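Take a look at the letters that make up each chain.
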Amino acid sequence: MTAAGTRARVRAALTREIADTARRHLATEGAAGLSLRAVARELGMASSAVYRYFPSRDDLLTALIVDAYDALGAAAEETEAAAPRVDLRARLHAVCGAVRDWALAHPHEYALVYGSPVPGYAAPETTMGPASRVGVLLSRIVVDGLAAGVVDPGTGGADATLTPGAAESVGLPTDPGTSAAARAVQAWTALFGLVSFELFGQTHNVVERHEEFFRGAVERLGDLLGLPPG
């Protein structure tokens, strides 16, 4: 291996180590308390050395946010890919269940991307693609149902309330008189509302059997989307 290749491998390894250490700090300090100096101190590095990898706290936060979105998206995509293509409800349950499972297994990373905003931090556009992965999966289920003729595009004009181009970007109908795209957005927001309320304790003393409650809620999301029975 060339000297340049060795340096690249060392840099990549140190970048991962810094990010892994910062993720541990999320559990104790929260995103708002994340400090490059504290991360450097734990790693036994000079702060100036860490700044060569992440020039600011916001750069480190952005890397952690992208990693979290990508990990969540990858988990949902892998689970959805294993479901039968023609069983749209099974695919919906696969996506939603994977999101919940990942959130429960990685609560601090989930809180980073779906919890309280970090004061003074504005997410750059580089986070948008990773953030959309689960939404794209849900939209693809609807698109496949529309193509197969088993999902009704609907009426009522709810799709006219969406940002121009949003539906088209994921292959959903662009007729402002339909409602399939708006229903997909409603399902996406409802999914993360369900997961967030459970994870952050809002349903404590309200829901006793969360997994059963969640499965029933996903069934109703299937009804909302107009998916045929599984």
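In the nomenclature of an unreviewed UniProt entry, the chain is known as TetR/AcrR family transcriptional regulator of Pseudonocardia charpentierae.

Draft legend 1. A look at the overall build of the chain. Regarding its fold elements, the chain presents ten helices and zero strands. Secondary structure elements of the chain, listed N to C terminal, follow the sequence α-α-α-α-α-α-α-α-α-α. Burial status across the chain gives 38% buried among its 230 residues. Taking the intrachain contacts of the chain between residues at least 6 apart in sequence as the baseline, contacts between residues at least 24 apart amount to 68%.

Draft legend 2. Fine view of the UniProt feature "DNA-binding region" (unreviewed entry) in the chain. Cross-referencing UniProt, the feature "DNA-binding region" (unreviewed entry) maps to residues 35–54 in the present numbering. Taken end to end, residues 35–54 has its terminal C-alpha atoms 11 Å apart, with 65% of it in helix and 0% in strand.

Draft legend 3. Examining the side chain of Thr 178 more closely. Within the fold, Thr 178 resides in the loop between helix 8 (133–148) and helix 9 (180–199). By relative accessible area, Thr 178 is classed as buried at 8%. Engagement of the side chain of Thr 178 in a polar contact is seen with the side chain of Asp 159, the distance being 2.6 Å. Apart from the residues lying within four places of it in its own chain, the contact partners of Thr 178 are Pro 153, Gly 154, Thr 155, Gly 157, Ala 158, Asp 159 and Pro 173.

Draft legend 4. Fine view of the pattern of salt bridges. Applying the stated criterion across every chain, the model contains 14 salt bridges. One salt bridge in this structure joins Asp 58 and Arg 57, with 2.9 Å as the shortest N-O distance. Its relative accessible area of 27% is what places Asp 58 among the partly exposed residues. Across the pair Glu 80 and Arg 91 runs a salt bridge whose closest N-O atoms are separated by 2.7 Å.

Draft legend 5. Region of interest: helix 5 (residues 88–105). When the terminal C-alpha atoms of helix 5 are compared, their 26 Å separation across 18 residues agrees well with the 26 Å that a helix rising 1.5 Å per residue should span. Taking burial as the measure, the 18 residues of helix 5 include 13 buried ones, the bulk of the element.

Draft legend 6. View of the nonpolar core. With 54 residues, the main nonpolar core has Leu 60, Leu 64, Leu 92, Val 99, Leu 112, Val 134 and Leu 191 as its most contacted residues. Of all elements in the fold, only helix 1 (3–29), helix 2 (36–43), helix 4 (57–81), helix 5, helix 6 (107–114), helix 8, helix 9 and helix 10 (210–225) reach the threshold of two or more residues within this core. Excluding its chain neighbours within four sequence positions, the residues that come into contact with Leu 191 are Cys 96, Val 99, Val 134, Leu 138, Phe 214 and Leu 221.

Draft legend 7. Summary view of the side chain of Ser 179. Take Ser 179: it is sitting in the loop between helix 8 and helix 9. Using a relative accessible area of 9% as the deciding quantity, one classes Ser 179 as buried. Residues within four places of Ser 179 in sequence aside, it is in contact with Pro 153, Gly 154, Thr 155, Ala 158 and Asp 159.

The rules behind each value
Residues numbered from 1 in each chain as written. Predicted model: local features only at pLDDT ≥ 70, side-chain atom pairs only at ≥ 80, totals over all residues. Heavy atoms only, no water. Helix = DSSP H or I, 4+ residues; strand = E, 2+ residues; numbered from the N terminus. Buried < 20%, exposed > 50% of the residue type's maximum accessible area, 1.4 Å probe, protein only. Contact = heavy atoms within 4.5 Å. UniProt positions renumbered as here; feature names shortened; annotations may be inferred. Polar contact = N/O pair within 3.5 Å; in protein donor to acceptor, adjacent residues only side chain to side chain. Salt bridge = Lys/Arg side-chain N within 4 Å of Asp/Glu carboxyl O. Expected span 1.5 Å × (residues − 1). Core = buried A, V, L, I, M, F, W, Y, C linked by side-chain atoms within 4.5 Å.

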